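One letter stands for each residue in the lines below.
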Amino acid sequence: MTSVDRSDAAQPHPHADPETSHPHGGPAAGAPQGDWPAGYPGGYPVVESDRFTRFVQRAHARTPRWVVPLAAVGCVAAGIGYTLLSDPTRSAPDALPTCLLKLTTGLDCPGCGGTRALWYVLHADLPAAARHHFLFVFALPFLAYLFVAWAGRQAFGWRLPELRIGPKLIGGFLAAWLAFSVIRNLPWPPFTALYV
């Protein structure tokens, strides 16, 4: 049996700072995290932010919290305004902007009929809206509530009750949307009534 000298087992790393390092190579308890691994050679230097990044950070810090919700409301209002002015229910199927999938294959894409459904919703004709895109009409109240809750919290600090939307619910909705997209293109009754 040979005895092993373990006197150097507790010796710190030769390049480590004795006040902030742990014998096993990590920072000592209570040592600031920023001091390690600065004591070791080859540590990564802190990269200075470029001018554009600093500008964006300053702009973000100075921007009032209601600006982003206001911009989002502007985008939604622009989409609604376009729908009302263009009247998609009277435009030709190949009028611009058009669906490339429908133009090239004749099949309805997952979003086909959504603009017309929105036009009918804005005119309080829910049966016609559902006829053009049932899932859009179904999801619209939930999307509107989520938007109002988010914008109200961002702009005014409102705390509206949250909708619990987990991965299973989102997956189920996407699966239903995929099934709807396939069923509406089937060439047999009653599925042909869903083709727009």
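Placed above this text is the structure.
Residues numbered from 1 in each chain as written. Predicted model: local features only at pLDDT ≥ 70, side-chain atom pairs only at ≥ 80, totals over all residues. Heavy atoms only, no water.

A.B. asks: Quick rundown of the overall build of the chain? Include the residues and the values.
C.D. replies: For the chain, the count of helices and strands is 7 helices and 0 strands. Put simply, the chain runs from its N terminus to its C terminus through helices and strands in the order α-α-α-α-α-α-α. Counting only residues that meet the buried cut, the chain has 18% of its 196 residues in that class. Here the contacts in the chain between residues at least 6 apart in sequence split such that 50% fall between residues at least 24 apart. (Helix = DSSP H or I, 4+ residues; strand = E, 2+ residues; numbered from the N terminus. Buried < 20%, exposed > 50% of the residue type's maximum accessible area, 1.4 Å probe, protein only. Contact = heavy atoms within 4.5 Å.)

A.B. asks: I'd like a description of unusual backbone geometry, backed by residues and values.
C.D. replies: Between P189 and P190 the backbone carries a cis peptide bond, its omega angle lying at 0°. On the secondary structure map, P190 appears in the segment after α7 (167-183). With phi around 45°, D87 is a residue other than glycine that occupies positive phi space. With respect to the element layout, D87 can be found in the loop between α2 (67-86) and α3 (100-105). With phi around 60°, A124 is a residue other than glycine that occupies positive phi space. Relative to the elements of secondary structure, A124 occurs in the loop between α4 (114-122) and α5 (126-132).

A.B. asks: Account for the pattern of salt bridges, with residues named and values stated.
C.D. replies: Throughout the structure, instances matching the rule amount to 2 salt bridges. Across the salt bridge formed by D87 and R90, the nearest N and O atoms sit 3.1 Å from each other. For D87, a relative accessible area of 14% puts it in the buried group. Accessibility expressed as a relative area gives 72% for R90, which makes it exposed. Across the pair D108 and R184 runs a salt bridge whose closest N-O atoms are separated by 3.9 Å. Taken as a pair, D108 in the loop between α3 and α4 and R184 in the segment after α7 lie far apart in primary sequence, 76 residues in all. For the pair D108 and R184, a shared accessibility class is recorded, and that class is buried. (Salt bridge = Lys/Arg side-chain N within 4 Å of Asp/Glu carboxyl O.)

A.B. asks: Give me α2: which residues, what numbers.
C.D. replies: With 20 residues, α2 extends 28 Å between its outermost C-alpha atoms, agreeing within 8% with the 28 Å of an ideal straight helix rising 1.5 Å per residue. Following α2 by one or two positions, D87 has its phi on the positive side, about 45°. (Expected span 1.5 Å × (residues − 1).)

A.B. asks: Now, about the environment of A139: what can you tell me, with residues and values included?
C.D. replies: Summarising the element assignment, A139 is placed in helix α6 (residues 134-156). We classify A139 as buried; its relative accessible area is 12%. For A139 and F173, which are 34 residues apart along the polypeptide, the C-alpha to C-alpha distance reads 9.3 Å.

A.B. asks: Outline the packing of aromatic side chains, supporting the account with residue identities and numerical values.
C.D. replies: Considering all chains together, one arrives at 5 aromatic pairs under this definition. Judged by centre distance (5.3 Å) and plane angle (85°), the ring pair of W119 and Y120 falls under edge-to-face. Judged by its relative accessible area of 14%, W119 is buried. The exposure class assigned to Y120 is buried, which follows from its relative accessible area of 17%. Pairing F173 with W177 gives two aromatic rings, centres 6.1 Å apart and planes at 50°, and the pair type is tilted. Taken together, the residues F173 and W177, both in helix α7 and 4 residues apart, mark about one turn of the helix. Assessed through its relative accessible area of 30%, W177 is described here as partly exposed. (Phe/Tyr/Trp six-rings, centres within 6.5 Å; stacked < 30°, edge-to-face > 60°.)

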